[in-house]
Amino acid sequence: MTENTQEFEDPAKGKLRYLRPFIVLVPTLIVCIFNIVANIPLLQAMLRLLVTILFFFVIGSIAQGIVRYMMLHPGEHSEQEAEEQEEENGEVEDEREADEADVETQE
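**Quick look at the overall build of the protein**
1) Next: In terms of regular secondary structure, the protein is built from three helices and zero strands.
2) Next: Among the 107 residues that make up the protein, the fraction classed as buried is 14%.
3) Next: In the protein, the proportion of contacts linking residues at least 24 apart, taken out of those at least 6 apart, comes to 71%.
4) Next: Split by element, the accessible area of the protein, about 9,400 Å² in all, is 60% carbon and sulfur.

Printed below as a string of structure tokens:
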């Protein structure tokens, strides 16, 4: 039997395929090289590598999720920024008008 479920096509999936492995493997390589250069005992070196892999796997997963969200919802973020800029510009213009009014009253 075949299932009639629609699978969501993720357009960012192919582009982000190697992001998490890159984020995990670069620090792992650095720790591995450090362990060799510093002549760390094998058990301690393996423990360091395991902790590094797990830590950066979590960091990579979070980063991949953020980047995927930004790629799938590009307009939402820029609309919020535009609204914030408009609010700031409105406040700046109000301050300028108040300053101009003060200057006119002083003259």
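**Points about helix H2 (residues 42-72)**
An α-helical turn contains 3.6 residues, so a residue and the one three or four places further along point in the same direction.
1) Next: In this model, H2 (31 residues) spans 44 Å end to end at C-alpha, consistent with the 45 Å of a helix rising 1.5 Å per residue.
2) Next: All of the buried residues along H2 are Ala-45, Leu-49, Thr-52, Gly-60 and Gln-64.
3) Next: As for H2, its buried residues are in contact with helix H1 (19-37).

**Some remarks on the environment of Phe-55**
1) Next: Structurally, the position occupied by Phe-55 is in helix H2.
2) Next: For the pair Phe-55 and Val-24, spaced 31 residues apart in the sequence, the C-alpha separation amounts to 8.3 Å.

**Remarks on the side chain of Asn-35**
1) Next: Looking at where Asn-35 falls in the secondary structure, it is placed in helix H1.
2) Next: On the accessibility criterion, Asn-35 (5% relative accessible area) is buried.
3) Next: A polar side-chain atom of Asn-35 sits 3.5 Å from a polar atom in the side chain of Arg-48.
4) Next: Beyond its immediate chain neighbours, meaning those up to four positions away, Asn-35 contacts Ile-40, Ala-45, Arg-48 and Leu-49.

**Considering the side chain of Thr-52**
1) Next: Looking at where Thr-52 falls in the secondary structure, it is placed in helix H2.
2) Next: Beyond its immediate stretch of four places on either side in the chain, Thr-52 contacts Pro-27, Thr-28 and Val-31.

**Some remarks on unusual backbone geometry**
Glycine aside, negative phi is the norm for most residues, and most peptide bonds take the trans geometry.
1) Next: Of note, Asn-39 is a non-glycine position whose phi angle comes to about 55 degrees, a positive value.
2) Next: Its location among the elements puts Asn-39 in the loop between H1 and H2.

**Considering the environment of Arg-68**
1) Next: Within the secondary structure, Arg-68 sits in helix H2.
2) Next: Sequence-wise, Arg-68 and Lys-15 are 53 residues apart; in three dimensions their C-alpha atoms are separated by 9.2 Å.

**With respect to a nonpolar patch on the surface**
1) Next: On the surface, Phe-57, Val-58, Ile-62, Ile-66, Tyr-69 and Met-70 cluster together to form a nonpolar patch covering roughly 560 Å² of accessible area.
2) Next: By the secondary structure assignment, Ile-66 is in helix H2.

**Focus on the packing of H1 against H2**
1) Next: Between H1 and H2, the least distance of the axes is 8 Å, while the angle of their chain directions is 155 degrees. Here H1 lies roughly antiparallel to H2, going by the angle between them. As H1 packs across H2, the resulting crossing turns out to be right-handed.
2) Next: Its residues assigned to classes, the contact of H1 with H2 comprises 15 nonpolar, six polar and two charged.

How each quantity is defined
- Residues numbered from 1 in each chain as written.
- Predicted model: local features only at pLDDT ≥ 70, side-chain atom pairs only at ≥ 80, totals over all residues.
- Heavy atoms only, no water.
- Helix = DSSP H or I, 4+ residues; strand = E, 2+ residues; numbered from the N terminus.
- Buried < 20%, exposed > 50% of the residue type's maximum accessible area, 1.4 Å probe, protein only.
- Contact = heavy atoms within 4.5 Å.
- Areas by Shrake-Rupley, 256 points an atom, 1.4 Å probe, with all protein chains shown as cover.
- Expected span 1.5 Å × (residues − 1).
- Polar contact = N/O pair within 3.5 Å; in protein donor to acceptor, adjacent residues only side chain to side chain.
- Patch = residues over 30% accessible without salt bridge, like charges linked within 9 Å, V, L, I, M, F, W, Y side chains within 5 Å.
- Salt bridge = Lys/Arg side-chain N within 4 Å of Asp/Glu carboxyl O.
- Axes fitted to C-alpha atoms, helices over the stretch in contact; angles between N-to-C directions.
- Parallel < 35°, antiparallel > 145°, perpendicular 65-115°, else oblique.
- Left-handed = near helix turned anticlockwise from the far one by under 90°.
- Nonpolar A, V, L, I, M, F, W, Y, C, P; charged D, E, K, R; others polar.

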